Structures are given as structure tokens and as C-alpha cells.
Amino acid sequence: MFAVVSSHLKRSVRWSTRVITDNQKLLSYSAARLQNWNVKTTVEEDEFISNGDQMRPRLLQLKSKEKAKPIFSSAEMDGRLTKLRQFMEQERLNAVLFTSMHNVVYYSGFLYCAFGRPYGLVVTPESSTTITAGIDCTQPWRRSHDANIIYTDWQQDNFYKVIQKLLIQNQSGVLGCEFDHMTLDVYRNLNTALPNLSKVDVGTPVMYTRLVKSQEEQEVIREGARISEIGN
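Reading guide: rules and limits
- Residues numbered from 1 in each chain as written.
- Predicted model: local features only at pLDDT ≥ 70, side-chain atom pairs only at ≥ 80, totals over all residues.
- Heavy atoms only, no water.
- Helix = DSSP H or I, 4+ residues; strand = E, 2+ residues; numbered from the N terminus.
- Buried < 20%, exposed > 50% of the residue type's maximum accessible area, 1.4 Å probe, protein only.
- Contact = heavy atoms within 4.5 Å.
- Areas by Shrake-Rupley, 256 points an atom, 1.4 Å probe, with all protein chains shown as cover.
- Salt bridge = Lys/Arg side-chain N within 4 Å of Asp/Glu carboxyl O.
- Pairing = 2+ DSSP bridges.
- Arc of directions from axis to C-beta.
- Phe/Tyr/Trp six-rings, centres within 6.5 Å; stacked < 30°, edge-to-face > 60°.
- Lys NZ or Arg CZ within 6 Å of the ring centre and 35° of its normal.

Asker: Quick question: what am I supposed to make of the overall build of the protein chain here?
Answerer: On a plain count of helices and strands, the protein chain comes out with nine helices and 10 strands. Considering the protein chain as a whole, with its 232 residues, one finds that 40% of them fall into the buried category. Considering only intrachain contacts with a sequence separation of at least 6, the fraction spanning at least 24 residues in the protein chain is 60%. In the form shown here, the protein chain has an accessible surface area of approximately 13,200 Å², with 52% of it arising from carbon and sulfur atoms.

Here it is in C-alpha cells:
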């Protein structure tokens, strides 16, 4: 298993660090490189940054052949997002940015491991999208209930460029964030990226909306307790 994972990461690194001087060449190279993984690559023209005569992607979308089998049903995940959007409407929030592991996985199904990089989930009235680092390749898309966008390491602020892209229709208004998780550095960078969006804390209020467990959640909790008892 370790050998397989190591091989996967090495191939991912070789692919991501290859410098291509033309957008179309990059797309062709990406498709060829990831063909064995059954991965579909999407990079839009405005998502490139220039370094002299070199073009490098800020962000991209990688989709493998099919989604992974989730722990919770689509109906359960849709229900969670519906309740969140009702809360957003009540609090007059244009969007919510989650950055903690527990809220990202609760509302998307994807549990991240940070690797020293920021991760997030942006929820608007119309969409929900996980924002992940390239090191995870297609896993976030496979495990996310809805959409996923990958940011690259070619430029430091690419994580925030994805947020800007997702909130392009919400350049002013109110953005809900997790003040109990967000670092001061992230908060400052977010204000630089979205200066006209007011930031308010939703960490504690959202926690209270999750106190009442659904039937599916109760079943998973009971099954986890049953397995734990076997281990004891």
C-alpha cells in the first residue's frame, strides 16, 4: 500500500512541476499524463499565471471516473446544506467559508489532511465547493458531495483566488467564517482578497444547528460504538 501511495504522489509531483509554455500544451499534457487514472482535466484560460514565457495554472479541476461511495446518502447531505442555507438566509449571509475539518467534512463529505496548506468549503445559495491542494489529486472530487476546485502551489495566494472565483457574484455583502478556527494570517489574506465583503463568525451558531442528529447520523454513531466495543 505504501509503495502504491508513494508512486501516486511521485507521479503527481512530476506532473505538477512540469513547466509548459503554452496553455493548450498543458491541457494536452495533463490529459495524457492522467489518462491511466481515468481523470478528466479542466483548466480555463483565465486561470493561468504568466512567468515570462511560461504559463502555469492557478487552479484546475480533476475528475476521476466516478465518485467514491459516501458514508451518508445524497438525501442526508442535501438536507444538511438545506438547513445551512436556511440559516444563511435568516442571518442574511451571501456565502459561508468553512475552514475546519469538522465543518468541511460535515457539509461536503470530504475529510482533509492539511499538509501545511489551507483547505476550505464555500457554500452559496446555489452551490457548494471544496477547495483543496494539488497533493490530493482527485480524492477531494471523488469524496465531495458537490463540486471541487484544486489550487496549485505556483503562487502563494492561489487558495484565495479560488475563493474570489467562487464568490465573483458576491463582491459585496456578508461572508460567514469560523473565527474559532481561522488564523489571523488567513483572516488578513481573506480581507485582502475580498475587501468589500464583511466577515462575521458562524462557528458557534452553526455548531448549534448540528446538535440534533438525523436518523442516519444516529445509525453511524451506533455502528461506530458497536465496532468500538469489539475492539475493547
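Asker: Is there a simple way to think about the pattern of salt bridges in this case?
Answerer: Once their charged atoms are close, side chains differing in charge can pair, the charge on each being opposite to the other. In this structure the tally under the stated criterion is five salt bridges. The salt bridge involving Arg 58 is made with Asp 157; its shortest N-O contact spans 3.4 Å. With a gap of 99 residues between them, Arg 58 in the loop between strand S3 (54–57) and strand S4 (59–63) and Asp 157 in the loop between strand S8 (147–151) and helix H6 (158–166) connect regions that are remote in the sequence. With a closest N to O distance of 2.9 Å, Arg 80 and Glu 76 form a salt bridge. One end of the pair is Arg 80 and the other is Glu 76, both in helix H3 (residues 74–91) and four residues apart, which spans about a single turn. The residues Arg 80 and Glu 76 share a single accessibility class, namely buried. Connected through salt bridges with shared partners, the residues Glu 76, Arg 80 and Glu 217 form a single ionic network.

Asker: What exactly am I supposed to notice about helix H4 (residues 101–108) here?
Answerer: Every α-helix carries 3.6 residues per turn, so stepping three or four residues along brings you back to the same face. Restricting attention to buried positions, one finds in H4 the residues Asn 103, Val 104, Tyr 106, Tyr 107 and Ser 108. With its phi angle positive at about 90 degrees, Gly 109 sits one or two positions after the end of H4.

Asker: For this particular structure, what's the right way to read the pairing of strand S5 (residues 95–98)?
Answerer: For a regular strand, side-chain orientation follows a simple rule: the groups alternate between the two sheet faces. On S5, burial covers both faces: Ala 95 and Leu 97 on one face and Val 96 and Phe 98 on the other are all buried. The pairing of S5 with strand S9 (residues 173–177) spans two bridges and is parallel. For Val 96, the partnering residue across the bridge sits in S9 and is Gly 176.

Asker: Sorry if this is basic, but what is going on with helix H7 (residues 184–193) here?
Answerer: The complete set of buried residues in H7 reads Val 186, Leu 190 and Ala 193. Here the buried residues of H7 occupy an arc of 60 degrees about the axis, which is enough to place them on one side. Of the exposed residues in H7, the ones pointing more than 90 degrees away from its buried face are Leu 184, Arg 188 and Thr 192. In this structure, the buried side of H7 is in contact with S5, H6, S9 and strand S10 (197–201).

Asker: Just to check I follow, could you spell out the side chain of Thr 99 for this structure?
Answerer: Positionally, Thr 99 belongs in the loop between S5 and H4. Once residues within four sequence positions are removed from consideration, Thr 99 is found in contact with Val 104, Tyr 112, Tyr 119, Gly 120, Glu 178, His 181 and Met 182.

Asker: Got a minute to help me understand the packing of aromatic side chains in this structure?
Answerer: To describe a pair of aromatic rings, you give the distance between the ring centres and the angle between the ring planes. With the rule as written, the count across this model stands at six aromatic pairs. Ring geometry for Tyr 151 versus Phe 159: centroids 5.6 Å apart, planes at 70 degrees, classification edge-to-face. Across the pair, Phe 159 and Tyr 151 agree in class, each one buried. Three or more aromatic residues link up through ring pairs in this structure, and these residues are Phe 98, Tyr 106 and Tyr 107. Across from the ring centre of Trp 141, 4.5 Å away, lies the NZ or CZ of Lys 67, which sits over that ring. When the ring centre of Tyr 106 is taken as reference, the NZ or CZ atom of Arg 210 above it lies at 4.2 Å.

Just distances and angles here, no functional claims.
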